[in-house]
Amino acid sequence: MKKFLDENFLLESNTAQILYHEHAAKMPIIDYHCHLSPQQIAEDAQFENITQVWLYGDHYKWRAMRTNGVDERYCTGDASDREKFLKWAETVPYTLRNPLYHWTHLELKRYFGIDKILDASTAEEIYEEASALLKKPEYSVRGLLRKMNVRIVCTTDDPTDTLEYHQQLKKEGFEIRVLPAFRPDNAMNLSNLSGFQQYVKKLSAVSEMRVENFDDYLQALKARHDYFAENGCCVSDHGLEEVYNEPYELEDINTIFLKALEGTPISKEEHNKFRSVMLTYFAEWDHEKGWVQQYHLGALRNNNSRMMQRLGPDTGWDSIGDFPQGKAIAGFLDKLDRQDKLAKTILYNLNPADNELMATMIGNFNDGSSAGKIQFGSSWWFLDQKDGMIKQMNALSNMGLISRFVGMLTDSRSFLSYPRHEYFRRILCNLFGEEVEKGELPNNLPWIGKVIEDICYHNAANYFNWPKEEKE
C-alpha cells in the first residue's frame with residue numbers, strides 16, 4: 001500500500017514518475033488567470049494566521065463546511081479566525097474523495113512542511129505551526145509566490161480599475177511579473193439598472209469623458225482598453241453563461257443604452273443584443289492589440305437569492321449550468337474570422353457534457369497562423385479536479401493537439417493555491433506514462449518529456465504576447 005501523498009502521489013508507473021520528476025516538477029509557473037489581489041502583492045501583505053490566507057474568500061471550503069452542517073458564522077460570519085479554522089479542520093475528514101482533501105494536504109506540505117493529516121485532533125497544533133511560519137518575512141505574499149517558482153501572474157481587473165498597484169510593482173522591479181487582465185463583465189451587464197448607471201458614472205470619471213450615449217460609452221471603454229495595454233495588459237477575460245451573438249443594428253443599441261441610463265426596463269432580447277455588440281467590440285480591440293481573449297462559459301451563478309442578498313456574489317451559491325453553447329460560439333468566432341479580427345482565444349467549459357463540443361470547436365478556427373491559436377482551456381471551477389482534468393485532457397487529445405495546450409492556471413483568490421499546478425502536472429504525467437507503459441505511445445522519453453515541459457510552461461510562455469521583459 002502506498003503512503004498518502006508521497007513523492008509519487010498520483011504517479012502510477014515508473015514512466016509517469018520519470019516524466020514528472022525529471023520534466024514537469026522543475027518547470028516555473030505562469031498563472032495567466034487568477035483572482036489574486038494586486039494590492040496585497042504590492043504591499044507584500046503578511047497574514048496573521050492560516051485562516052486569513054486559507055479561508056477568507058474561499059467559497060470552495062465554505063460550501064463543504066455548510067454541507068457538513070457548519071453554521072454560517074464560521075464561514076463568513078463573526079467567529080474568530082481560530083474558531084473558523086477549527087470548524088474547517090472538523091470538516092476536512094468528511095471531504096474524502098473531494099479535491100479539497102488533496103489540495104488541503106498538498107498546501108500544508110508544500111508551503112509549511114506539515115505532513116500531518118488535518119482533523120479535529122491535529123487542528124490546534126497545525127493552526128499554531130502554520131500561523132507562526134506566516135509571521136516570518138519569507139512567508140509574506142511575495143515570499144509565497146517565490147516559494148512556488150511563479151514567473152508571471154495575470155490578475156483580473158475591471159476596466160475602471162486604476163492599476164495603481166501594477167504600476168507600483170513594475171516601478172519597484174518586482175521580479176515576478178504581475179500584469180492586469182481586462183475583465184469587462186460589468187460593462188455589459190444590464191440586469192441591475194441602478195448598478196449599471198453607477199458603473200457608467202464611474203467609467204466616465206476614470207476615463208475623464210462624458211458618457212451620454214452609446215458612442216461615448218464605447219470611446220470611454222476603448223480608452224480604458226488602451227490604458228490597460230499601456231500598463232502591460234495582453235489578456236482579456238469574460239465570465240459568461242454563454243457567448244452572445246444576436247443580430248443587431250447600432251441604432252437599436254444606442255436606444256437600449258439610453259433606456260438603461262434612464263432606468264427603463266430592458267427585455268431579455270435587448271440585453272442579449274447589447275451583450276452581443278459589446279463582446280464584438282471587445283474582441284476586435286483584443287485582436288487589434290494582439291491580446292489573448294478568454295471566455296469562461298457555463299456557470300449558473302447566485303442561485304440562492306436569500307444568501308445572495310445577505311452575502312453578495314462569489315460566496316458559494318453557484319453551479320454548473322446547462323446553457324446551449326455550440327451555435328453561438330461558432331457564429332461569434334466565424335464573424336470575427338471572416339473580418340480577419342479573430343484574436344488568439346481560449347474557451348473554458350464548465351459543463352463536462354460540452355467537452356467534446358469545445359474540443360472540436362477550436363479546430364474550426366485554428367488557421368495555421370500560430371500553434372494552437374484557439375485553445376480548449378483547462379478544466380475550471382467545479383471541474384478543477386482529477387476526474388475533470390482527465391476528461392478535459394482526453395477530449396483535447398482525441399480531437400485536437402494536447403501537445404499545443406497552454407496548460408494550467410489557478411483561477412483562485414488564495415495565495416496558497418499554487419500546488420494545483422503540481423496536481424495538474426502529476427495527472428498529466430500519469431496519463432502519458434500509462435500509455436507509454438501499455439505500448440500505446442513510443443518509449444521516447446526525451447520527446448514526451450519535452451511535450452510535458454511545453455504544456456507545463458513553454459506553450460504559455462510563447463502563446464501570450466507578453467510585454468518584452470516577460471519573453472524568455
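Residues numbered from 1 in each chain as written. Predicted model: local features only at pLDDT ≥ 70, side-chain atom pairs only at ≥ 80, totals over all residues. Heavy atoms only, no water.

S.K.: For the overall build of the protein chain, give the residues involved together with the corresponding values.
M.R.: Within the protein chain, the regular secondary structure consists of 19 helices and nine strands. Taking 23 Å as the expected radius of gyration for a compact globule of 472 residues, we find that the protein chain reaches 23 Å, a close match to that expectation. With the C-alpha coordinates of the protein chain rotated into their principal frame, the extents come out at 70 × 55 × 45 Å. Out of the 472 residues belonging to the protein chain, those deemed buried represent 57%. A sequence separation of at least 24 residues applies to 77% of the contacts in the protein chain between residues at least 6 apart. Only carbon and sulfur atoms are counted for the fraction: they give 47% of the accessible area of the protein chain, which is about 20,200 Å². Where the 54 positive side-chain charges of the protein chain centre and where its 71 negative ones centre are 2 Å apart. (Helix = DSSP H or I, 4+ residues; strand = E, 2+ residues; numbered from the N terminus. Rg over C-alpha atoms; globule rule 2.2 N^0.38 Å. Buried < 20%, exposed > 50% of the residue type's maximum accessible area, 1.4 Å probe, protein only. Contact = heavy atoms within 4.5 Å. Areas by Shrake-Rupley, 256 points an atom, 1.4 Å probe, with all protein chains shown as cover. Lys, Arg positive; Asp, Glu negative; His and termini not counted. Charge placed at Lys NZ, Arg CZ, Asp CG, Glu CD.)

S.K.: Which residues make up the pairing of strand E5 (residues 292-297), and what values do they have?
M.R.: For E5, the tally of buried residues reaches six of six residues, placing the bulk of the element in the interior. Side-chain alternation along E5 places Val292, Gln294 and His296 on one buried face and Gln293, Tyr295 and Leu297 on a second face that is also buried. Pairing of strand E4 (residues 235-240) with E5, which is carried by six bridges, proceeds in the parallel orientation. Following the sheet pairing, Gly239 is matched in E5 by His296. (Pairing = 2+ DSSP bridges.)

S.K.: So, the environment of Gln375: which residues are in play, and what are the values?
M.R.: Within the fold, Gln375 resides in strand E9 (residues 374-376). Since its relative accessible area comes to 3%, Gln375 is described here as buried. Sequence separation between Gln375 and Lys344 is 31 residues; the distance between their C-alpha atoms is 8.0 Å. Apart from the residues lying within four places of it in its own chain, the contact partners of Gln375 are Thr345, Ile346, Leu347, Ile362, Arg404, Phe405, Val406 and Tyr463.

S.K.: Got a sec to walk through the sheet that holds strand E1 (residues 29-31)? Specific residues and values, please.
M.R.: Across the sheet, which stays open at both edges, the three strands sit in the order E1-E2-E3 with parallel pairing between neighbours. Because the sheet does not close on itself, it has two edges, and the strands there are E1 and strand E3 (177-179). Neighbour-to-neighbour, the strand axes of this sheet turn through a mean angle of 10 degrees, independent of strand direction. Looking at chain direction, E1 and strand E2 (residues 150-154) are connected through three bridges and run parallel. Of the residues in E2, the one forming a bridge with Ile30 is Ile152. (Axes fitted to C-alpha atoms, helices over the stretch in contact; angles between N-to-C directions.)

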